[in-house]
Amino acid sequence: MPSVIEKPVAQSGGDQYREAAELIASYGHAMDDGDIDLWPQFFTPNGIYLITTKENHEAGLPIGIMRCVGRGMMIDRVKAFHTANIFEPHTYNHIIGYPTMSYDKATGCVTARSNFQVIRVMETGRMDLYATGKYLDVIQKEGSSLKFKERVVVLDSRNVDILLVVPL
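Residues numbered from 1 in each chain as written. Predicted model: local features only at pLDDT ≥ 70, side-chain atom pairs only at ≥ 80, totals over all residues. Heavy atoms only, no water.

Student: Got a minute to help me understand the environment of G64 in this structure?
Tutor: Among the structural elements, G64 can be located in the loop between α3 (54-58) and β2 (66-69). A residue is classified by how much of its surface remains accessible, and G64, at 29% relative accessible area, is partly exposed. Each C-alpha atom, one on G64 and one on I51, is 5.6 Å from the other, the two residues being 13 residues apart in sequence. Not counting residues within four places of it along the chain, the set of residues in contact with G64 comprises L50, I51 and T52. (Helix = DSSP H or I, 4+ residues; strand = E, 2+ residues; numbered from the N terminus. Buried < 20%, exposed > 50% of the residue type's maximum accessible area, 1.4 Å probe, protein only. Contact = heavy atoms within 4.5 Å.)

Student: Please explain the nonpolar core as it appears in this structure.
Tutor: The nonpolar side chains of a soluble globular protein tend to be buried, and buried together. Within the largest apolar cluster, 36 residues are counted, with the highest numbers of intra-cluster contacts made by Y27, W39, Y49, I139 and L168. For this core, the elements supplying multiple residues, two or more each, are α2 (14-32), β1 (43-53), β2, α4 (71-83), β5 (109-122), β6 (127-142) and β7 (145-155). Sorting elements by how many residues they give to this core places α2 first, with 7 residues. Once residues within four sequence positions are removed from consideration, L168 is found in contact with Y27, Y49, I51, Y92, H94, V118, Y130, A131, Y135, V153 and L155. (Core = buried A, V, L, I, M, F, W, Y, C linked by side-chain atoms within 4.5 Å.)

Student: Help me understand the side chain of D32, please; the structure alone is not making it clear to me.
Tutor: Relative to the helices and strands, D32 resides in helix α2. An unpaired buried charge is present at D32: no salt bridge exists, and R151, the closest side chain of opposite charge, is 10 Å distant. Not counting residues within four places of it along the chain, the set of residues in contact with D32 comprises T91, Y92, N93 and H94. (Lys, Arg positive; Asp, Glu negative; His and termini not counted. Salt bridge = Lys/Arg side-chain N within 4 Å of Asp/Glu carboxyl O.)

Student: Help me out: how do you make sense of the environment of M66 in this one?
Tutor: You can see M66 is positioned in strand β2. Contact partners of M66, with chain neighbours within four places excluded, come to Y49, L50, I51, R77 and L164.

Student: What is the right way to read the pairing of strand β4 (residues 100-104) from this model?
Tutor: The two faces of a sheet get side chains in turn, since along a regular strand they alternate between them. Of the strand pairs in this sheet, β4 and β5 are connected by 5 bridges, and their pairing is antiparallel. If you follow Y103 over to β5, its bridge partner there is V110. Linking two consecutive strands that pair antiparallel, namely β4 and β5, is a turn of 4 residues; a positive phi of about 75° is found at G108 within it. (Pairing = 2+ DSSP bridges.)

Student: Honestly, the packing of aromatic side chains in this entry has me stumped. Any pointers?
Tutor: Aromatic ring pairs: the centre-centre distance and the angle between the two ring planes describe each pair. Summed over all chains, the structure comprises 11 aromatic pairs. Each ring, one from W39 and one from F43, has its centre 6.1 Å from the other, and the planes form 80°; the classification is edge-to-face. Summarising the burial analysis for this pair, W39 and F43 share the class buried. The interplanar angle of 85° and the centroid separation of 5.1 Å between the aromatic rings of W39 and Y49 together place this pair among those described as edge-to-face. Residue W39 is located in the loop between α2 and β1, and its partner Y49 is located in strand β1; the two are separated by 10 residues in the primary sequence. Y49 gets classed as buried once you look at its relative accessible area, which sits at 0%. Taken together, the ring pairs in this structure connect Y27, W39, F42, F43, Y49, F116, Y135 and F148 into an aromatic cluster. (Phe/Tyr/Trp six-rings, centres within 6.5 Å; stacked < 30°, edge-to-face > 60°.)

Student: What am I meant to see in the side chain of K147 here?
Tutor: Along the polypeptide, K147 turns up in strand β7. One buried charged residue, K147, remains without a salt bridge, the closest side chain of opposite sign being E142 at 4.5 Å. At 2.7 Å, the side chain of K147 forms a polar contact with the backbone oxygen of Q41. When sequence neighbours within four positions are dropped, the list of residues in contact with K147 reads L23, Q41, F42, F43, T44, R71, V138, I139, Q140 and E142. (Polar contact = N/O pair within 3.5 Å; in protein donor to acceptor, adjacent residues only side chain to side chain.)

Written out as structure tokens, the structure is:
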């Protein structure tokens, strides 16, 4: 992914940049608001969602902490969230940095990188810095809206809390 990538998207159309930034922000808002049922709808039908560590990502290792390929796997994960998972109630608060993007005319996809921090708020009121890292996204048009074709969540730390029930 290029290091300076704002201009190619702007040249290809500011609307696409705005739409991609809105997709990234809307995703964070949905997870923060507990709208996990919306999660699969942010992705293309064959979309990929991967949570991995910086160490594994840099080594090119394909196995991560969580990997979902396609909306079907994501829908199954949502069902498990509602029926099988037992966890202490909590919410997230995403702080997502300004995304940098580029546009690939050949594929029609936008690639984006945005840094994030996630604060976890427990029902007791206790707050913890839960995760930090970066989102590496490939975004494409599906119908009249943009969707994630691929979302790779690269965590800065390999220490991951076992309470990872809501997608980051």
